[in-house]
Amino acid sequence: METSVLEVECEVSSQVEYSLQAIWGVSIRELHLALWKPWSTLRDASLNGTLLQGYAQHLTPPQTRQPHGEETLRLSLPAPELELGTPPRLCYPLVIFLTRRDNRDPHPDETVALVNVVHIKDSVCTLPTSILAQYLKQANGQLSCLKQLYLATGNSSNYDESDVSSGLGPTPALALAEPCNNNNNAGSGGGAGRGALVASGQGGDQDGGSLWNSAGEQLCVVCQYFPLSRALLPCRHTCICASCFGKLDRCPMCRSPIKSYFCIRSEEYMPPEKEINPCKQRQPSHGPTHWLHDWNDRLTDFLGFAR
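Residues numbered from 1 in each chain as written. Predicted model: local features only at pLDDT ≥ 70, side-chain atom pairs only at ≥ 80, totals over all residues. Heavy atoms only, no water.

Draft legend 1. Structural view of the sheet that holds strand β16 (residues 260-263). Taken in spatial order, the four strands make up an open sheet running β10-β15-β14-β16, and their pairing is mixed. In this open sheet, the two strands that pair with only one neighbour each are β10 (150-151) and β16. Where strand β14 (residues 230-233) meets β16, four bridges bridge the pair, whose relative direction is antiparallel. Residue L232 lies in a different strand from β16, and its bridge partner there is Y261. (Pairing = 2+ DSSP bridges. Helix = DSSP H or I, 4+ residues; strand = E, 2+ residues; numbered from the N terminus.)

See the structure below:
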């Protein structure tokens, strides 16, 4: 069914009991102010159906749902139309809140809510219906923004125009949760530590030259021997193994400097140090010349040329 401004189809899955609420015509400013409130305040308002009351055009009552696999749900606008005005708009067409309902005290780092900001195609703004942003709220109050990782595959990770995917379980694209700062923008990426979250699924850009081993694992684009296991930050390309990571200071996909990384799978495949590493002869160390690359980037940016 084609998505319209009156009805949206979404794919939802959850491993816990949760509450789902669709809020239509939401003030952008008030939404971001609400997201930074303490979790206890946000939870009570969400479960009571009073979240963003007075700052949205239509609020549907929260629906309590038990854990389930992936299901298609239809969210219908309870009024003839939304009044969003002309661009630049001050309201989001739709915000979907998924909030945990279990009574136990969650761990401070545990995800307790998923917030989906959705654009809906209309006659004024004809961009395809899609998820504009996804935010994770942790029990300690931390807010993180889900960002897509890029795999070296030919699989498209674009959202389909006719449906919107969300859930407390896996999302359809491989994603990295980066902490937000108080200006409601995504913060800088961290290393392979706490606070980052990977959701399983397909993702990637349009490079179809990737190789796979017999176990169905995608291989490192440098050595083409070990499975790729690291997402590079800040560019978010997921294309190399742990062995090659130590020999690179730039992403092999886009040539941007590597500041940090995030592991997307176990790296138990790494052999003992005494074994010959097939990556060693494929990527020589840059040594002390890395400063020259940084200086060249600055000069290129200053002159206005593309890298």
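On we go.
Draft legend 2. Just the UniProt feature "domain: RING-type" (unreviewed entry) in the protein, in detail. The residues that UniProt annotates with the feature "domain: RING-type" (unreviewed entry) are residues 220-255. Helix makes up 11% of residues 220-255 and strand 22%. Its end C-alpha atoms lie 16 Å apart. (UniProt positions renumbered as here; feature names shortened; annotations may be inferred.)

Draft legend 3. Spotlight on helix α2 (residues 39-48). For α2, the full list of buried residues reads W39, L42, A45 and S46. Viewed along the axis of α2, the buried residues span an arc of 140 degrees, placing them on a single side of the element. Buried residues belonging to α2 abut β2 (18-27), α1 (28-35), β6 (91-100), β7 (111-119) and β8 (130-138). Directly after α2, the chain includes G49, whose backbone phi takes a positive value near 80 degrees. (Buried < 20%, exposed > 50% of the residue type's maximum accessible area, 1.4 Å probe, protein only. Arc of directions from axis to C-beta. Contact = heavy atoms within 4.5 Å.)

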